[in-house]
Amino acid sequence: MAGVEGRVALVTGGGRGIGRATAELLASRGAKVMCVARSRQELIDVGLEYSVADLGSPEGCAHAVAEAEQRLGPIEILVCNHGIGSAHERVVWEQQPEVWSETMRVNLNGPFHLSRLVLQGMIERQFGRIVYTSSTAGLIAEPAGSAYNSSKHGLLGLMRSVAVDGGAYGITSNAVLPGWVRTEMAERSARQEAKDRGITTDQVWKERAALYPAGRVATPQEVAEMIAFLASEESSGVSGEAIRVALGGWY
C-alpha cells in the first residue's frame with residue numbers, strides 16, 4: 001500500500017489534540033509533515049517541522065503554505081484541523097457579534113484560504129487530498145453555539161465544493177465529524193458546563209460518554225486514523241463525504 005509515504009502534508013492545529021495525533025500518525029507512515037498552530041511551544045513539543053501562523057487571516061494562511069513548500073516541497077495533503085470551540089458562546093439573542101466574526105474568521109475563512117492556496121498546485125500535479133475537521137455539530141446543532149454550529153456546517157459546504165471542483169484533477173475532499181473527544185478544547189467546554197450547572201467536570205464527561213453506545217468518548221488517535229485514511233492514495237474512491245467518528249452516536 002502506498003498510503004501517504006513520501007507525501008508532503010500540511011496539518012493545521014497540529015500542536016495538540018486531534019491535529020497532533022494526525023501529524024504524528026502521518027509522519028509515522030512516511031509523510032513529510034508540517035504542523036501549523038499559534039503556540040510555538042506546543043509545536044516544538046511535537047518534534048516535527050512547524051510554522052507559527054494565525055490561520056484566520058489570508059496572510060497567515062499564505063505564510064503557512066509558503067513555509068511548508070519551501071522547506072518540504074509541494075503540498076499534496078492538506079488537513080484543516082484548527083478551530084475555535086464554543087465554550088464561550090451564548091444563545092443566539094445574547095451572542096456577541098465579535099464572537100460570531102472571530103469564529104467564522106478562524107473556523108471557516110481559514111480553511112477557504114488554505115484550500116484556495118494549495119489547490120492550484122494539486123491540479124497541476126493531478127493529485128491532492130484535503131481533509132477538514134468539522135464536528136457532529138456540523139450536522140446537529142448544539143445549544144448556545146450558533147457561531148460554532150454555523151462554521152462547522154459551512155465547512156461541509158466548502159468540503160463538498162472542493163470535491164466537485166477538484167474531482168476531475170485527482171483531488172479528493174472529505175470531512176471527519178468527531179463527536180466528543182477529550183481534547184483541551186473539549187475540556188474547556190466541560191469546565192464551563194460544570195460551572196454553569198454546579199456539577200463536577202467528571203460528571204460532565206460521564207454524561208458525554210453516555211451519549212455513545214460504546215459508553216465512552218472517542219480518542220484523538222481514533223479520529224486521526226480516519227483522517228490518515230482519507231489522506232492516503234487508497235482513499236481515491238471517497239470524496240465529498242462527511243464521516244462521523246462518534247462511536248455509533250449521532251452527537
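Now for a description of the structure that goes with this document. (Residues numbered from 1 in each chain as written. Predicted model: local features only at pLDDT ≥ 70, side-chain atom pairs only at ≥ 80, totals over all residues. Heavy atoms only, no water.)

This next bit is on the sheet that holds strand β3 (residues 49–52). One open sheet holds the 7 strands; their spatial order is β3-β2-β1-β4-β5-β6-β7, and the pairing between them is parallel. Across the chains shown, the open sheet's two edge strands, defined by having one partner strand only, are β3 and β7 (242–245). Ignoring strand direction, the axes of neighbouring strands in this sheet form an average angle of 20 degrees. Contacts between helix α3 (residues 58–71) and the sheet are confined to β1 (8–12), β2 (32–37) and β3, with β3 contributing the most and set at about 155 degrees to the helix. (Pairing = 2+ DSSP bridges. Helix = DSSP H or I, 4+ residues; strand = E, 2+ residues; numbered from the N terminus. Axes fitted to C-alpha atoms, helices over the stretch in contact; angles between N-to-C directions. Contact = heavy atoms within 4.5 Å.)

What follows is about the pattern of salt bridges. Summed over all chains, the structure comprises 17 salt bridges. The residue Arg 71 makes a salt bridge to Glu 49 at a minimum N-O spacing of 2.6 Å. One end of the pair, Arg 71, is in helix α3; the other, Glu 49, is in strand β3, with 22 residues separating them in the sequence. Note that Arg 197 and Glu 207 form a salt bridge whose closest N and O atoms lie 2.7 Å from each other. Taken as a pair, Arg 197 in helix α6 (residues 184–197) and Glu 207 in helix α7 (residues 201–209) lie far apart in primary sequence, 10 residues in all. Owing to a relative accessible area of 43%, Arg 197 belongs among the partly exposed residues under this scheme. Residues participating in the shared-partner salt-bridge network are Arg 16, Glu 42, Glu 184 and Arg 188. (Salt bridge = Lys/Arg side-chain N within 4 Å of Asp/Glu carboxyl O. Buried < 20%, exposed > 50% of the residue type's maximum accessible area, 1.4 Å probe, protein only.)

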